[in-house]
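# Geometric and topological summary
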Amino acid sequence: MIENRLVELNKLYDPPHSTTAIVLVLGLEGFETKSLLDVNDKKSIFSRLRFDYETSSIYNLSYPSKIINFKKVEKCNTNTIVEEYAELVKSALLKKYKSVTIISYCLGGFYSSMMLSKLNLTIDKNQSFTTRFTLILIDVPHYCTSETMANWFVKLTEALRISTDDIVENMSNWKLQILPEKLVFLKDRSYAIVSTKNSWVKPMLPEAFLPPSRVFMINEKHENLLMSHEQGDWELYRIITTIINDQIHIQSIQDAQPY
């Protein structure tokens, strides 16, 4: 048990006998607002998920997402965050649920992608792994190089103690493990949702080199992706539910097959 955790898994909704979990990993600073997780706001992403998936447990994974607070904690760095993140996924989610979907946005998605390699190292290869794991990356900076990162973004990574080695290692692990689908627990179940409207993320390839069938483009500003529209279709939410429903359908077919 880690004392004074930097990363916490907050239970937002936990129906009895739930076998599926949905985890929200939000972004930096003002994007991780209470309104996105407000159960009383019928348009919030949490409220919508709770209504549409009333038999699923819903969590928010919190990490030091405010720079002013981040700087106060000396041990706060990328490696510590992703190690704690991986341990929570393993101990609190994979051991409890048949299906886990992680929906992560921007910086939260960056940590989620880095977490996968750590998670793979903690899984006992001698035990049968049965949890169906799905990762949805929403406008996540992925290909972070000197050519693709703006100066302000370089300064941001420095403030968050994300080293060049961290970034290079993440890109390398993604290329070596995720794209060739060597992580069996994630096979065919990683998706990218990408903003195409004046997006500062675009040069850093949020598509993450995934197959076109698992990449969804949205003509919406990066900062507005998680906000429902007053009128009309909320395209991002429709894509998320399509992915989740497809995975539920596949799981039900597999469960129905005789052994």
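Residues numbered from 1 in each chain as written. Predicted model: local features only at pLDDT ≥ 70, side-chain atom pairs only at ≥ 80, totals over all residues. Heavy atoms only, no water.

## Notes on the environment of proline 206
- Inspection of the secondary structure puts proline 206 in the loop between strand S6 (190–195) and strand S7 (215–218).
- Judged by relative accessible area, proline 206 falls into the buried class, the value being 1%.
- Sequence separation of proline 206 and isoleucine 193 is 13 residues, and the distance between their C-alpha atoms is 7.7 Å.
- With residues near it in sequence (within four places) discarded, proline 206 still touches Asp139, Val140, Ala192, Val194 and Val201. (Helix = DSSP H or I, 4+ residues; strand = E, 2+ residues; numbered from the N terminus. Buried < 20%, exposed > 50% of the residue type's maximum accessible area, 1.4 Å probe, protein only. Contact = heavy atoms within 4.5 Å.)

## What to know about the pairing of S6
- Counting buried positions along S6 gives six out of six residues, so the element sits mostly inside the fold.
- Because side chains alternate across S6, one face comprises the buried residues Ser190, Ala192 and Val194, and the other comprises Tyr191, Ile193 and Ser195, equally buried.
- Here strand S5 (residues 132–138) pairs with S6 via four bridges, running parallel. Bridge assignment links isoleucine 138 to a residue of S6, and that residue is isoleucine 193.
- Here four bridges tie S6 to S7, and the two strands are oriented parallel to one another. Residue serine 195 lies in a different strand from S7, and its bridge partner there is isoleucine 218. (Pairing = 2+ DSSP bridges.)

## Structural notes on the packing of helix H1 (residues 45–52) against helix H7 (residues 235–256)
- The interhelical angle for the contact between H1 and H7, taken along N-to-C directions, is 35°, at an axis separation of 12 Å. Of the two elements, H1 crosses H7, and the hand of that crossing is right-handed. In this structure, H1 uses Ile45, Arg48, Leu49 and Asp52 to contact H7, whose residues at the interface are Tyr237, Ile240 and Ile244.
- When its residues are assigned to classes, the contact of H1 with H7 shows five nonpolar, no polar and two charged. (Axes fitted to C-alpha atoms, helices over the stretch in contact; angles between N-to-C directions. Left-handed = near helix turned anticlockwise from the far one by under 90°. Nonpolar A, V, L, I, M, F, W, Y, C, P; charged D, E, K, R; others polar.)

## Looking at H7
- For H7, spanning 22 residues, the distance from its first C-alpha to its last is 32 Å, which sits close to the expected 32 Å at 1.5 Å a residue.
- Within the sequence span of H7, burial applies to Leu236, Tyr237, Ile239, Ile240, Thr241, Ile243, Ile244, Gln247 and Gln251.
- In this fold, the buried residues of H7 make contact with strand S2 (20–25), H1, strand S4 (99–105), S5, S6 and S7. (Expected span 1.5 Å × (residues − 1).)

## Concerning the pattern of salt bridges
- Counted according to the given criterion, the structure contains six salt bridges.
- The salt bridge involving glutamate 207 is made with lysine 202; its shortest N-O contact spans 2.3 Å.
- Assessed through its relative accessible area of 15%, glutamate 207 is described here as buried.
- According to the relative accessible area criterion, lysine 202 is partly exposed, its value standing at 33%.
- Through salt bridges with shared partners, a single ionic network connects Glu181, Lys187 and Arg214. (Salt bridge = Lys/Arg side-chain N within 4 Å of Asp/Glu carboxyl O.)

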